[in-house]
Amino acid sequence: MQWDLNSERPVYIQLIEQIQSRIITGFYLPGDKLPSVRDLAAEAGVNPNTMQKALTELERMELVYTNRTSGRYITLDQGLIKQLKKQSAKQQIQDFLEKMKYLGYEIEEIISLITDIASEMKKN
Amino acid sequence: METNRNAILQCNAVTKRFSGYTALSEVNLTLEKGRIIGLLGPNGSGKSTLLKLVNGLLVPDTGTIQIAGYEPGIESKRIVSYLPERTYLADWMRVIDVLNFFQDFYENFDKHKAYDMLERLHIDPKKRLKTLSKGTKEKVQLILVMSRKADLYCLDEPIGGVDPASRDYILKTIITNYNKNATVLISTHLIADIEMVLDEVIFIKDGQITLHAPVDDIRTKENKSIDTLFREVFKC
């Protein structure tokens, strides 16, 4: 999985988002051990302090925990991951609805469009 | 001067004049340990002068400079690894000779690390410097400098002539190789290439520091990249 970062937004926020999405999609599984800060930083091509800041924030959210002697792990709390997934879905849908509104669609029209397009996609 | 124990470099009201103009004017600067810092400014803004002062190649007219509490001199040179803007190595030397040269000069030079990096960048240590291309010569110099276990690295335009693929490798080396408490000060024009690895930036203009802040704070405040901000601030 590639890191996709740009320099327009704070890098540590982008790192948090991307690690979250790695957790949601199962690229990192519950209980997985994370590579060291340094290795993660090198992989993403960012400064180790920035990666550290992102991981500290993820720890505060309890998505990641530290075992004093052996490193950092992904949370075992499936409920938390589910919650994160839902949150992310909500965000995507809100963004989408905003764009559709901008195009001039009403909510009922959007829903019927979605149903149509989804059944079309199923056929293909 | 108040000494900050977490500081690796402290410049206090440093002024440097050359006949006819002031290259640096009353510069106050404190760099902390364990940071990667970009020193950015247009041509002739004072970047190289500042690095030369820190490395004792120039002496300030007024003001003081301290590196881990030492004025630039023998003690500071033990812990500062400097890549100057121009090469000082004799071109008849083979890469292997230069490596031995560095090992004789610096206690903290790690030859294995140097060989490792040469191999990764496909540089033959038996070649003479004069037979190498400009970019390869730059890589060799950077390898020498980064293979020292220093507390402060001063890199003056380190990646200018280096191809983008090697640039990536070199930046990766900078983030992975240096020890946690070392500080890296990089002067460059290639902001877009390096801004992702920086902790802080310093903008310097006409010999004065106009901005010194953490990069993510700048992105939050300005909603733009450091590269974009630089182009706006220094628009001609």
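Please refer to the structure higher up on the page.
What comes next concerns the included structure. Sequence positions are assigned chain by chain, starting from 1 and proceeding in written order. Whichever chain is written first is A, and whichever ligand is written first is 1; the rest continue in order. Residue-level local features of this predicted model are given only where pLDDT is at least 70; pairs of side-chain atoms are given and counted only at 80 or more, and the full residue set underlies all totals for whole chains, interfaces and linings.

Residue and element names in this part refer to chain B. Paired strands, as defined in this entry, are two strands with at least two bridges between them according to DSSP. Each helix is a run of H or I in the DSSP string that is no shorter than four residues. Each strand is a run of E no shorter than two, and both are numbered from the N terminus. Across the sheet, which stays open at both edges, the three strands sit in the order E2-E1-E4 with antiparallel pairing between neighbours. Edge strands, defined here as strands with exactly one partner in the open sheet, are strand E2 (21-32) and strand E4 (62-67). On average, each strand axis in the sheet is inclined to that of its neighbour by 15°, with strand direction left out of account. Note that strand E1 (residues 7-18) and E4 share five bridges and pair antiparallel. Bridged to leucine 9 within E4 is isoleucine 67. Lines fitted to C-alpha atoms define the axes here, with helix axes fitted over just the stretch in contact, and angles between the N-to-C directions of these axes take values from 0 to 180 degrees.

Below, the discussion takes up the interface of chain B and chain A. Note on contacts: residues are paired as contacts if their backbone-placed C-beta atoms lie within 7 Å. Across the boundary between the two partners, chain B contributes 18 residues, which contact 16 residues of chain A. Mapped onto the side of chain B that touches chain A, the elements with two or more residues apiece are helix H6 (164-177), helix H8 (215-222) and helix H9 (226-233) of chain B. Ranked by residues supplied to the side of chain B that touches chain A, first place goes to H6 of chain B with four residues. Under the scheme applied, nonpolar residues are Ala, Val, Leu, Ile, Met, Phe, Trp, Tyr, Cys and Pro; charged residues are Asp, Glu, Lys and Arg; polar residues are all the others, including Gly. Among the residues forming the side of chain B that touches chain A, the class breakdown is eight nonpolar, three polar and seven charged.

All names here are of chain B. The buried fraction of strand E7 (residues 183-187) is high, at five of five residues. Counting other C-beta atoms within 10 Å of its own, a residue is labelled buried from 20 upward, exposed at 12 or fewer, and partly exposed in the gap between, with every C-beta atom placed from the backbone. Residue alternation in E7 divides its side chains into two sets, Thr183, Leu185 and Ser187 and Val184 and Ile186, and both sets are buried. As paired strands, strand E3 (residues 36-40) and E7 are joined by four bridges and run parallel to one another. Each bridged residue has a counterpart across the sheet, and for isoleucine 36 the counterpart in E7 is valine 184.

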